Amino acid sequence: KNQVEQSPQSLIILEGKNCTLQCNYTVSPFSNLRWYKQDTGRGPVSLTIMTFSENTKSNGRYTATLDADTKQSSLHITASQLSDSASYICVVSLSGGSYIPTFGRGTSLIVHP
Amino acid sequence: GAVVSQHPSWVICKSGTSVKIECRSLDFQATTMFWYRQFPKQSLMLMATSNEGSKATYEQGVEKDKFLINHASLTLSTLTVTSAHPEDSSFYICSATRGTGANEKLFFGSGTQLSVL
């Protein structure tokens with residue numbers, strides 16, 4: 001069964017600190033992995049997308065890494081801001097055929113001043 | 001700017017009424033759109049895959065007669081929650097894919113918060 005597991009489930013950090021979110025998946029065959037940020041009551045917004053051959057992808061203070069051998073990805077947030085408080089969702093898709101994504105349960109991040 | 005528009009953003013309705021949610025791809029043709037629902041503090045759950053010109057494919061456990069999906073054009077898919085009940089109260093989100101292969105991108109609508117009284 002294709003699964004995407006995220007950890008931690010929730011995280012509280014102080015403004016200005018760094019943090020790393022984890023995503024492990026069993027989706028196979030693998031096409032791409034995406035990280036989304038979802039504010040409460042809003043649709044998810046794409047942060048990064050990585051294909052099988054990519055190891056790292058940055059988007060401002062967000063840096064995603066991918067190890068396709070171990071099927072692990074991480075999202076590193078540098079110098080956190082209050083506006084980073086949100087849910088971060090890891091989404092993995094199968095290769096070939098119709099695109100049907102598999103969602104992780106997300107990590108709820110709270111940044112305190 | 002937004003490439004997938006979802007409307008309305010929120011709706012409050014009485015139990016037993018039907019509610020229609022629209023999902024539009026603004027600057028591209030989407031042969032496939034997806035509908036999700038999300039309960040508080042939980043992840044998105046895929047409800048159905050909407051295919052233009054054909055019947056939607058529903059995930060296991062999703063009632064076809066309850067959640068009617070119509071993908072009448074390449075830029076519009078609608079989800080109708082029929083005879084809504086309080087347990088249908090949830091956050092509904094649509095998405096559409098643009099491009100293929102390594103260039104494939106998934107865009108989400110802004111979501112619709114449905115509250116059934």
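Just so we're clear, the structure is a prediction, and the values are computed from it rather than from any experiment.

Criteria and cut-off values
Residues numbered from 1 in each chain as written. Chains lettered and ligands numbered in written order. Predicted model: local features only at pLDDT ≥ 70, side-chain atom pairs only at ≥ 80, totals over all residues. Heavy atoms only, no water. Patch = residues over 30% accessible without salt bridge, like charges linked within 9 Å, V, L, I, M, F, W, Y side chains within 5 Å. Areas by Shrake-Rupley, 256 points an atom, 1.4 Å probe, with all protein chains shown as cover. Salt bridge = Lys/Arg side-chain N within 4 Å of Asp/Glu carboxyl O. Helix = DSSP H or I, 4+ residues; strand = E, 2+ residues; numbered from the N terminus. Pairing = 2+ DSSP bridges. Axes fitted to C-alpha atoms, helices over the stretch in contact; angles between N-to-C directions. Contact = heavy atoms within 4.5 Å. Buried area = accessible area lost by both parts, 1.4 Å probe. Polar contact = N/O pair within 3.5 Å; in protein donor to acceptor, adjacent residues only side chain to side chain.

Peer 1: Can you help me understand a nonpolar patch on the surface in this one?
Peer 2: Taken together, Trp10(B), Ile12(B) and Leu117(B) make up a surface patch of nonpolar side chains, about 400 Å² in accessible area. Here Ile12(B) shows up in strand β2 (residues 10-13).

Peer 1: It is not clear to me how the sheet that holds strand β3 (residues 19-25) of chain B should be interpreted in this structure. Could you clarify?
Peer 2: The strands making up a sheet associate through hydrogen bonds between their backbones, and the pairing can be parallel or antiparallel. Residues and elements named next belong to chain B. Across the sheet, which stays open at both edges, the four strands sit in the order β1-β3-β8-β7 with antiparallel pairing between neighbours. Each end of this open sheet is capped by a strand with a single partner; those strands are β1 (4-7) and β7 (67-73). Geometrically, the sheet is characterised by an average inter-axis angle of 15° between neighbouring strands, direction not taken into account. Where β7 meets strand β8 (residues 76-81), five bridges bridge the pair, whose relative direction is antiparallel.

Peer 1: Can you help me understand the interface of chain B and chain A in this one?
Peer 2: Interface size is commonly expressed as the accessible area that is lost once the parts come together. Each side of the interface is counted separately: chain B has 17 residues, and chain A has 16 residues. Around 1,400 Å² of area is buried between chain B and chain A when both sides are counted, 61% of it from carbon and sulfur atoms. Taken together, the links from chain B to chain A amount to zero salt bridges. Here chain B is connected to chain A by three residue pairs in polar contact (both at pLDDT 80 or more). Where the side of chain B that touches chain A is concerned, the elements lending two or more residues are β4 (32-38), β5 (45-51), β9 (90-98) and β10 (105-108) of chain B.

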